[in-house]
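Commentary on secondary and tertiary structure
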Amino acid sequence: MSDRFVIETADLRKNYDGVEAVRGLSLQVSGGSIYGFLGRNGAGKTTTIKVLLGMARPTSGHARVFGLPADAEDASVEIRGRTGFVSEEKELYDYMTVEEMIRFTAPFFPRWRGDLEQRYVHKFELPLDRKVKALSRGMRTKLALLLALCRGAELLILDEPTSGLDPAMTEEVLQALVSHVASEEMTVFFSSHQIAEVDQIADHVAIIDRGRAVVTGALDDLRENFRRIQLVFDGDAPEPAFRAPGVVRVRRKGRVLTVLSSAGAERILDEARALNPVSVDVVPVTLKEIFLETVTAED
Amino acid sequence: MMFRPNPSSGVPIYLQLMEQVKHGIETGALRPGEQLPGIRPLAEELVINPNTVAKAYRELEHEGIIELRHGAGAFVSATARAKKLTDKLRAGQAIVAAAMEKLRARGVTDEEIRRLFEAELAGLAKPGGHRE
């Protein structure tokens, strides 16, 4: 384990009453990135975030934030002091007004950014004298985001930040994140089950399935390396055993053979051509396809 | 100049931005010496990662197509290299146009032509060839 990463987990496991929520998760999040933590509901995203923030103890393995052990109490206090966090529930005090909520939160954070507070109150068009309980879901998200962004944090951890928001509101939230990262030195780690928003703003991604990372990497590398190779034969497609590495999945259907490759499509192509197909097609693969191919279907 | 990357197309967004800048120069929408939008405003406008915009600009600078002037922003290069690229692309465009005409004459639809081009590009492109 090293300090080169803002977040690093190694073979992280977390069981709850015999249920394995996280099963050997290894992640490395570099500083300055927008890291999308993509997975279906129940894949282990929230549990992982809880471990990172010291709200749950790992059953085994390691989790470090800023190089500090997330399960040590002192370290965890420091981690939380340097991290802005928005939970999926957007926990706020319903009986306060928006302004009271901001004035209540600010003194807890010595590096509170009054300039950003002004900017986001204005940008988000937050109604300062409205009670939190009377806020729409979108406004509630924006207020929670404002409270996290103004702390002067180095790391922002967001659990499903856009869940339940309409497309326009989602775009506003994503834009605020992009704009914040462009002007402040910070790292954003956000969980999501919305492939499109990860595609849009993330530069790194981990696809998590049943508590394990099934794909990790720079999004551009995934886009450049993943390929779908489709071979059509005169008769029934053969059952080839590809020797080249990078073959993720091979599907045979009648005269068609489809190969999903994660890397080295060239070498797979060489082998494929030797099978004498009547046509060969190579097409880029979208993040959505990668997700659907690597994540297990409903039990 | 309008940039319109499609984040879900499977093609890296920085490559799409690079293509759009090159196309802008080729069509004359961007002129030599003209200033490109800053990284932050462009990331905000397109709602994409600022690192992606920065990467596209760095690669374009590396190819001699734009110049990054410290503190002042990004400008379309006024050097011969940018012009040469324009001539090269103009010649390429003529070849593509001729090929398209032939294909259409044979009854190949535009959608099919697009797929053929994409398949050809994906098949020939060296995987990972654009990495830094």
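Predicted model only: the values in this text are computed from it and were never measured.

**What to know about the overall build of chain A**
- Scanning chain A for helices and strands turns up 10 helices and 14 strands.
- Considering only C-alpha atoms, chain A reaches an extent of 75 × 40 × 35 Å along its principal axes.
- Counting all 299 residues of chain A, 43% fall into the buried class.
- Taking the contacts inside chain A whose residues are at least 6 apart along the sequence as the reference set, 68% of them involve residues at least 24 apart.

**A closer look at the sheet that holds strand E14 (residues 279-284) of chain A**
All names here are of chain A.
- An order of E12-E13-E11-E14 is seen for the four strands of this open sheet, with the pairing classed as antiparallel. Two strands in the sheet have a free side with no partner beyond their single neighbour: strand E12 (247-253) and E14. This sheet shows a mean twist of 15° between the axes of neighbouring strands, independent of strand direction.
- With six bridges connecting them, strand E11 (residues 227-232) and strand E13 (residues 256-261) associate as antiparallel partners. Within the sheet, the bridge partner assigned to glutamine 230 lies in E13 and is threonine 258.

**Some words on the domain arrangement of chain A**
All names here are of chain A.
- Segmenting chain A into domains produces domain 1 (5-218) and domain 2 (226-294).
- Computed over C-alpha atoms, the centres of domain 1 and domain 2 are 38 Å apart.
- Facing the eight residues of domain 1 at the interface are five residues of domain 2.
- Among the secondary structure elements, those contributing two or more residues to the side of domain 1 that touches domain 2 are helix H7 (195-201), strand E9 (204-209) and strand E10 (212-218).
- In terms of residue count, the dominant contributor to the side of domain 1 that touches domain 2 is H7 (three residues).
- Partitioned by chemical class, the residues of the side of domain 1 that touches domain 2 number six nonpolar, no polar and two charged.

**Topic: the sheet that holds strand E4 (residues 60-65) of chain A**
Residue and element names in this part refer to chain A.
- Taken in spatial order, the four strands make up an open sheet running E2-E1-E4-E5, and their pairing is antiparallel. A strand with exactly one partner marks an edge of an open sheet, and here the two such strands are strand E2 (19-30) and strand E5 (68-69).
- Pairing geometry for E4 and E5, over two bridges, is antiparallel. Paired with arginine 64 across the bridge in E5 is proline 69.

**Quick word on the interface of chain B and chain A**
- Counting from both sides, the interface comprises 25 residues of chain B and, opposite them, 34 residues of chain A.
- For the side of chain B that touches chain A, the secondary structure elements donating two or more residues are helix H2 (39-46), helix H3 (50-62) and helix H5 (110-124) of chain B.
- Residues that form the side of chain B that touches chain A fall into these classes: 12 nonpolar, nine polar and four charged.

**Re the confidence of the model for chain B**
Residue and element names in this part refer to chain B.
- Looking at chain B, the pLDDT average stands at 83 and 86% of residues meet or exceed 70.
- At the level of individual helices and strands, chain B shows its lowest average pLDDT in H5, which scores 76, and its highest in H3, which scores 94.
- In the predicted structure, residues 125-132 sits below a pLDDT of 50 and forms 11 contacts with residues beyond four places in sequence or in another chain.
- Per the prediction output, this complex has pTM 0.83; the corresponding ipTM is 0.79.

**A few points about the environment of Leu15(B)**
- Relative to the assigned elements, Leu15(B) resides in helix H1 (residues 13-27).
- On the basis of neighbour count, Leu15(B) is assigned to the partly exposed category, with 19 C-beta atoms found within 10 Å.

**Here's the deal with the pairing of strand E7 (residues 155-159) of chain A**
Residue and element names in this part refer to chain A.
- Counting buried positions over the five residues of E7 gives five, a clear majority of the element.
- In E7, alternate side chains face the same way, and those of Leu155, Ile157 and Asp159 on one face and Leu156 and Leu158 on the other are all buried.
- As defined by bridge partners, E7 adjoins strand E8 (residues 187-192) across five bridges and the pair is classed as parallel. Along E8, the bridge assignment pairs aspartate 159 with serine 191.

**A closer look at the packing of helix H5 (residues 137-149) of chain A against helix H6 (residues 167-183) of chain A**
All names here are of chain A.
- The N-to-C vectors of H5 and H6 enclose an angle of 10°; their axes lie 10 Å apart at closest approach. Here H6 runs roughly parallel to H5, going by the angle between their axes. In contact with Gly138, Thr141, Leu145 and Leu149 of H5, H6 contributes Met169, Val173, Ala176 and His180.
- Among the residues making up the contact of H5 with H6, the classes are represented as five nonpolar, three polar and no charged.

**A look at the nonpolar core**
All names here are of chain A.
- If you look at the biggest cluster of nonpolar residues, it comprises 102 residues, and the most contacted ones within it are Leu38, Ala148, Val188 and Phe189.
- Element by element, the count of residues in this core is highest for H5, at seven residues.
- Counting contributing residues per domain, this core is built from domain 1 (5-218) and domain 2 (226-294), each supplying no fewer than three.

**Quick look at the environment of Lys288(A)**
- Structurally, Lys288(A) is set in helix H10 (residues 287-294).
- Once the C-alpha coordinates of Lys288(A) and Val198(A) are considered, the two residues, 90 residues apart in sequence, prove to be 10.0 Å apart.
- When sequence neighbours within four positions are dropped, the list of residues in contact with Lys288(A) reads Ile195(A) and Ser8(B).

Cut-offs applied
All chains use their own residue numbering, which begins from 1 and follows the written sequence. Lettering of chains starts at A and numbering of ligands starts at 1, both following the order in which they are written. With the structure being a predicted model, the display of local features is reserved for residues of pLDDT at least 70 and the display and counting of side-chain atom pairs for 80 or more, all residues being used for whole-chain, interface and lining totals. Counting from the N terminus, the helices are DSSP H or I runs at least four residues long and the strands are E runs at least two residues long. Each residue is classed by its C-beta neighbour count within 10 Å, where at least 20 other C-beta atoms makes it buried, 12 or fewer makes it exposed, and intermediate counts make it partly exposed; the C-beta atoms are placed from backbone geometry. Whether two residues are in contact depends on their C-beta atoms, placed from the backbone: they are in contact if these lie within 7 Å. Pairs of strands are assigned from DSSP output, requiring at least two bridges between the strands. Between N-to-C directions, angles cover 0 to 180 degrees, with each direction set by a line fitted to C-alpha atoms, over the stretch in contact for helices. Residue ranges assigned to each domain were obtained from an automatic or database domain assignment. All amino acids are sorted into three groups, where Ala, Val, Leu, Ile, Met, Phe, Trp, Tyr, Cys and Pro are nonpolar, Asp, Glu, Lys and Arg are charged, and the leftover types, Gly among them, are polar. How sure the predictor is of each residue is captured by pLDDT, a score from 0 to 100. With respect to orientation, any angle under 35 degrees is reported as roughly parallel, any angle over 145 as roughly antiparallel, any angle of 65 to 115 as roughly perpendicular, and every other angle as oblique. One nonpolar core equals one set of buried Ala, Val, Leu, Ile, Met, Phe, Trp, Tyr and Cys residues connected by C-beta atoms within 7 Å.

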